[in-house]
Amino acid sequence: GTVLSGAQTNVYSISKCLAVPNTLYCGTESGEVYKTINGGDTWTNASKTLVTTLAPQAVIANGGISAIAVHPTNPDLVYAGAGSEVFKTTNGGISWTVVFDSNIALFGYIDNPAEIYINTNTPETILLAGKAGIHRTTNGGTSWTTVLTNESFDIKAQPGNPNTLYTVRRNN
């Protein structure tokens, strides 16, 4: 695929579809999302509309795509986080919509959102960790509630039990 930002880019986040493991997406420092359907042999830009129409300043200026998560059974449904926002595509990156904005002030290089977690048993339940804490949606991003207000850096599920979660957070 074409790299909009130059000849080389750094990957900040990567995720695959559990049901279709050859489909992976990665988020880059330059604010682009790339997709492969052959296990990484070739990659195409899946974020041309994301970078050019939705949020070029937030995506590129605030640390790129710092978190990405692919639905466990639908390889075309992806959440990507950049700046204070989370974007969603339901068509493999052809188009993107904003489904979350923490509205936090961003200064300099920001690694935010830090993690997007999709529950494998109930994929409409998604958790987001970042500077504004942990937020949860139970309807695929239509509405969100705050779970924790401390800055959070990671969310992982207990192996074999996606309903038991662990997080790394700031203690202030």
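So, here is what we can say about the structure in this document. Predicted, not measured: the structure shown is a model, and the values here were computed from it.

Rules and cut-offs
- Residues numbered from 1 in each chain as written.
- Predicted model: local features only at pLDDT ≥ 70, side-chain atom pairs only at ≥ 80, totals over all residues.
- Heavy atoms only, no water.
- Helix = DSSP H or I, 4+ residues; strand = E, 2+ residues; numbered from the N terminus.
- Buried < 20%, exposed > 50% of the residue type's maximum accessible area, 1.4 Å probe, protein only.
- Contact = heavy atoms within 4.5 Å.
- Areas by Shrake-Rupley, 256 points an atom, 1.4 Å probe, with all protein chains shown as cover.
- 1 Å grid on protein atoms, 1.4 Å probe; cavity = no way out; pocket = protein on both sides within 12 Å on 5 of 7 lines; lining within 4 Å.
- Points joined across faces, edges and corners; volume = space filled by probe spheres on them.
- Core = buried A, V, L, I, M, F, W, Y, C linked by side-chain atoms within 4.5 Å.
- Polar contact = N/O pair within 3.5 Å; in protein donor to acceptor, adjacent residues only side chain to side chain.
- Pairing = 2+ DSSP bridges.
- Axes fitted to C-alpha atoms, helices over the stretch in contact; angles between N-to-C directions.

## With respect to the overall build of the chain
Across its full length, the chain holds two helices and 14 strands. The proportion of buried residues among the 172 residues of the chain is 48%. At a minimum sequence separation of 6, the contacts of the chain that also span at least 24 residues come to 40%. As displayed, the chain has an accessible area near 8,200 Å², and 52% of this comes from carbon and sulfur atoms.

## Looking at empty space enclosed by the protein
What the rule picks out here adds up to one cavity of 30 Å³ or more. Reported here for the largest cavity is a volume of approximately 60 Å³. Lining the largest cavity, in full, are S84, F100, S102, N112, P113, L128, A129, G130, K131, A132, G133 and H135. Those elements that place two or more of their residues in the lining of the largest cavity are β10 (126-130) and β11 (133-137).

## A closer look at the nonpolar core
Core analysis: the biggest nonpolar cluster contains 13 residues, and Y25, V33 and W96 have the highest contact counts within it. Where this core is concerned, the elements lending two or more residues are β5 (67-70) and β6 (78-82). Element by element, the count of residues in this core is highest for β6, at three residues. If you look at the next biggest cluster of nonpolar residues, it comprises twelve residues, including A67, Y79, F100 and I126.

## Quick look at the side chain of H135
Looking at where H135 falls in the secondary structure, it is placed in strand β11. Judged by its relative accessible area of 9%, H135 falls in the buried class. Here T146 takes part through its side chain, which lies 3.4 Å from a polar atom of the side chain of H135. Each residue touching H135, except ones within four places of it in the same chain, is listed here: F100, I126, L127, L128, W144, T145, T146 and V147.

## Focus: the sheet that holds strand β4 (residues 44-45)
The strand order across the open sheet formed by four strands is β1-β2-β3-β4, and the pairing between neighbours is antiparallel. At either margin of the open sheet sits one strand with a lone partner, and together these are β1 (11-16) and β4. The pairing of β1 with strand β2 (residues 24-28) spans five bridges and is antiparallel. Bridged to S15 within β2 is Y25.

## Quick word on the sheet that holds strand β7 (residues 85-89)
Each strand in a sheet pairs with another by means of backbone hydrogen bonds, the pair being arranged parallel or else antiparallel. With antiparallel pairing, four strands are arranged side by side in an open sheet as β5-β6-β7-β8. Two strands lie at the open edges of the sheet, namely β5 and β8 (97-101), each paired on one side alone. Mean inter-strand twist for the sheet, computed between neighbouring axes without regard to direction, equals 20°. With four bridges joining them, β7 and β8 adopt antiparallel strand pairing. Of the residues in β8, the one forming a bridge with E85 is D101.

Just distances and angles here, no functional claims.
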